[in-house]
Amino acid sequence: MRTRHPRIDTRPPDHAVFDARPEAAADARDLAHMFMNSLDPPLDTLAASSVALVVSELVTNAVRHAHGATCSLRLSARPSTVIVAVTDPDPRPPRERAPDLTGGTGGFGWPMVQNLADRVTVSTGPGGKTVRAELPR
C-alpha cells in the first residue's frame, strides 16, 4: 500500500478577489509584491514599481468606477512580461478623461497604465470586463 502525501503549494497566490473598498488597492499591491518576490529571475526595481503602480491604478479604477461589490486581480509572468488582469462587473470600458490638475478628481491613472504597459487590452462580456496590462519584465 502506498501512502499519498498531499502536495503543499508554498508559492504566493497569483489571484484574489477584493471587496470594492478603498483598501482594496493596498491589499492588491501587497499581493503583487508577494507575487513579484517569488519570480526567478527577480524583477528590477523599476519594473517592480511599474507593476505595483499598474495594479494599484487598475484596482482603484475598478473600485471607484465599476460600482460592483467586488473586483479581482490575476497576475502571471512570462520570460519577458508580467501580466496584470483586473476584472470588475461593469461592462463599460475605461474612458480617458482630462486630468484634474487641481487634485480633485484624478484622471491620471488610465493614461499612466497605458504608458507603463507594452500592451493594454479590455475584454467585455456578460459578467463585466477585464483590463489586461502587459508590462516589460
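Above this note sits the structure.
The structure reproduced in this document is the subject of the present report. (Residues numbered from 1 in each chain as written. Predicted model: local features only at pLDDT ≥ 70, side-chain atom pairs only at ≥ 80, totals over all residues. Heavy atoms only, no water.)

## Examining the overall build of the chain
Stated formally: Strands are runs of DSSP state E lasting at least 2 residues, helices are runs of H or I lasting at least 4, and numbering of each runs from the N terminus. Here the term buried applies to any residue with accessible area under 20% of the maximum for its type, exposed to any over 50%, and partly exposed to those in between, with areas from a 1.4 Å probe on protein chains only. Only the protein chains shown count as cover for residues, and the accessible areas themselves come from Shrake-Rupley with a 1.4 Å probe.
Helix and strand counts for the chain stand at three helices and five strands. By residue count, 36% of the 137 residues in the chain fall in the buried class. Entry remark: accessible area of the chain is about 8,700 Å², with carbon and sulfur atoms responsible for 52%.

## Details of the pattern of salt bridges
Here is the rule we go by: Should a side-chain nitrogen of Lys or Arg be within 4 Å of a carboxyl oxygen of Asp or Glu, the pair is scored as a salt bridge.
Tallying each qualifying case throughout the model produces five salt bridges. Here E23 and R21 are joined by a salt bridge, their closest N and O atoms 3.1 Å apart. Judged by its relative accessible area of 46%, R21 falls in the partly exposed class. The salt bridge involving D88 is made with K129; its shortest N-O contact spans 2.9 Å. One end of the pair, D88, is in strand β3 (residues 81-88); the other, K129, is in strand β5 (residues 128-136), and 41 residues separate them in sequence.

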